Amino acid sequence: MTTYSRITGTGSYLPPRRVTNADLTAELAAKGVETSDQWIVDRTGIRARHFAAPDVTCSDLGAYAARQALEAAGVAARDIDLIIVATSTPDMVFPSAACILQNKLGMAGCAAFDVQAVCSGFVYALTIADSMIKTGAASKALVIGSEVFSRILDFNDRTTCVLFGDGAGAVVLEASDTPGILSSDLHADGKHVGILCVPGTVSGGGVLGDPLLKMDGQAVFKLAVGVLEDAARAALAKAGKTEADIDWLIPHQANIRIMQSTAKKLKLPLEKVVVTVDQHGNTSAASIPLALDWAVRGGKIKKGDTLMLEGVGGGFTWGAVLLDF
Ligand code: UT7
């Protein structure tokens, strides 16, 4: 009897246009918005990000990442029976990016839906897929995080537009009689809606409200460092493990200072933290699977390693997943 789910393949995709801090600083200066490479590096650790071309969508990026994950897992698209896309920047209001991506992969029939938990989206989606596999509702899932955050950035707001990028990451999660996903811990607290949001929607043929990202960076920062530690500790406790069992911490890639602080609280040396924020910026729901795939393909993460994935973001949402890779 199947009692576990296990990641059998990973993939990722970054759109080809790489924008360094110097590129972005020059573009912003031309419109009178002042920033600098030094400020961005010192405060966030970000050196570059990728921006998708105007005609490229969330499902496009996700499909590229998904194909790579399928290939790595040795699984045919037709054998997938569940697709979950974690995103806050879907192609359309509806249908879901997952349905559009399913069609792009030449698939039909399996369950497909999006999860909207902003930067915690991937740990939410992975937990749902794990639960569906454990109950027998699915046996081979594609779990994808894909974002085109460049579409919702206000390039007149230097406090946010330098932070985010576009990209996608994907995993194939399969039923297994060995673990696998060991535990997860998810949370949300809706009273913090206002500190990180895109307060707009479509209505009556137009946009109602403001469709650009707003963030109170300091408030998010303070909440993030506390809840990330709590979620990681809760996931460890549920699995009967301790910090010493973690081979790799793969945190949401928003700010190197948040990652350093979380690692310190968990008594993990920085060498055990997967860091891609310097090259990818904050890609929201895509950041964890992108970092995972980068570390797997780079030979850092090996089969059997114990990984702690953790995300935090708008909602406010946060969570962690502990797994044996
Ligand atoms: O993905 C969801 C999770 N999101 C996050 O985790 C983001 C969490 N927050 C952060 O990462 C940080 O709070 C930021 C990177 C957003 C900001 O860093 P900070 O150290 O909290 O800076 P601050 O907001 O306190 O701003 C310090 C100064 C301000 O100037 P004054 O008031 O001291 O004169 C800002 O106006 O830096 C100024 N500033 C900038 N200067 C140059 C803000 N943005 C910029 C900029 N370039 N891009």
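Residues numbered from 1 in each chain as written. Predicted model: local features only at pLDDT ≥ 70, side-chain atom pairs only at ≥ 80, totals over all residues. Heavy atoms only, no water.

Novice: What is the right way to look at the site of the ligand in this model?
Specialist: In the neighbourhood of the ligand, 22 residues make up the surrounding shell, with Thr 35, Arg 158, Gln 218, Asn 255 and Asn 282 lying closest. Between Arg 257 and the ligand, the recorded distance is 3.0 Å, taken from a side-chain N or O atom to an oxygen atom. For the ligand, an oxygen atom lies 2.6 Å from a polar atom in the side chain of Asn 282. With the chains in place, 74% of the 960 Å² that the ligand exposes on its own is no longer accessible. Elements that contribute at least two residues to the shell around the ligand include exactly α2 (37-44), α6 (158-161), α7 (217-239) and α8 (256-265). For the shell around the ligand, the element with the most residues is α7, which contributes 4 residues. When residues of the shell around the ligand are sorted by domain, at least three fall in each of domain 1 (4-176) and domain 2 (181-324). (Near = heavy atom within 4 Å. Polar contact = N/O pair within 3.5 Å; in protein donor to acceptor, adjacent residues only side chain to side chain. Areas by Shrake-Rupley, 256 points an atom, 1.4 Å probe, with all protein chains shown as cover. Helix = DSSP H or I, 4+ residues; strand = E, 2+ residues; numbered from the N terminus. Domains from an automatic or database assignment.)

Novice: Which parts of the structure should I look at to understand the packing of aromatic side chains?
Specialist: We describe a pair of aromatic rings using the distance from one ring centre to the other and the angle between the two ring planes. Tallied over the full model, the rule gives 4 aromatic pairs. Judged by centre distance (6.4 Å) and plane angle (45 degrees), the rings of Phe 316 and Trp 318 are tilted. Grouping residues by exposure puts Phe 316 and Trp 318 together as buried. Between the NZ or CZ atom of Lys 303 and the centre of the ring of Phe 325, over which it lies, the distance is 4.5 Å. (Phe/Tyr/Trp six-rings, centres within 6.5 Å; stacked < 30°, edge-to-face > 60°. Buried < 20%, exposed > 50% of the residue type's maximum accessible area, 1.4 Å probe, protein only. Lys NZ or Arg CZ within 6 Å of the ring centre and 35° of its normal.)

Novice: I tried to follow helix α10 (residues 287-297) on my own but got confused; where do I start?
Specialist: One full turn of an α-helix is made of 3.6 residues, so residues set three or four places apart face in the same direction. Summarising burial for α10: 8 of the 11 residues are buried, a large majority. Burial in α10 covers these residues: Ser 287, Ile 288, Pro 289, Leu 290, Ala 291, Leu 292, Asp 293 and Ala 295. At the C-terminal side of α10, Gly 299 shows a positive phi close to 80 degrees.

Novice: Just to check I follow, could you spell out the domain arrangement of the protein chain for this structure?
Specialist: Interface extent is often summarised as the accessible area lost during association of the parts. Here the protein chain is partitioned into domain 1 (4-176) and domain 2 (181-324). One C-alpha centre belongs to domain 1, the other to domain 2; they are set 14 Å apart. Counting residues at the interface gives 55 residues for domain 1 and 46 residues for domain 2. Both faces considered, domain 1 and domain 2 share a buried interface measuring about 3,900 Å² in area, 61% of it formed by carbon and sulfur atoms. When the area that domain 1 buries against domain 2 is broken down by residue, the three leading residues are Cys 119, Val 123 and Tyr 124, summing to 16%. Where domain 1 touches domain 2, the interface holds 0 salt bridges. Across the domain 1-domain 2 interface, the total number found is 25 residue pairs in polar contact (both at pLDDT 80 or more). Split by residue class, the side of domain 1 that touches domain 2 holds 25 nonpolar, 18 polar and 12 charged. (Contact = heavy atoms within 4.5 Å. Buried area = accessible area lost by both parts, 1.4 Å probe. Salt bridge = Lys/Arg side-chain N within 4 Å of Asp/Glu carboxyl O. Nonpolar A, V, L, I, M, F, W, Y, C, P; charged D, E, K, R; others polar.)

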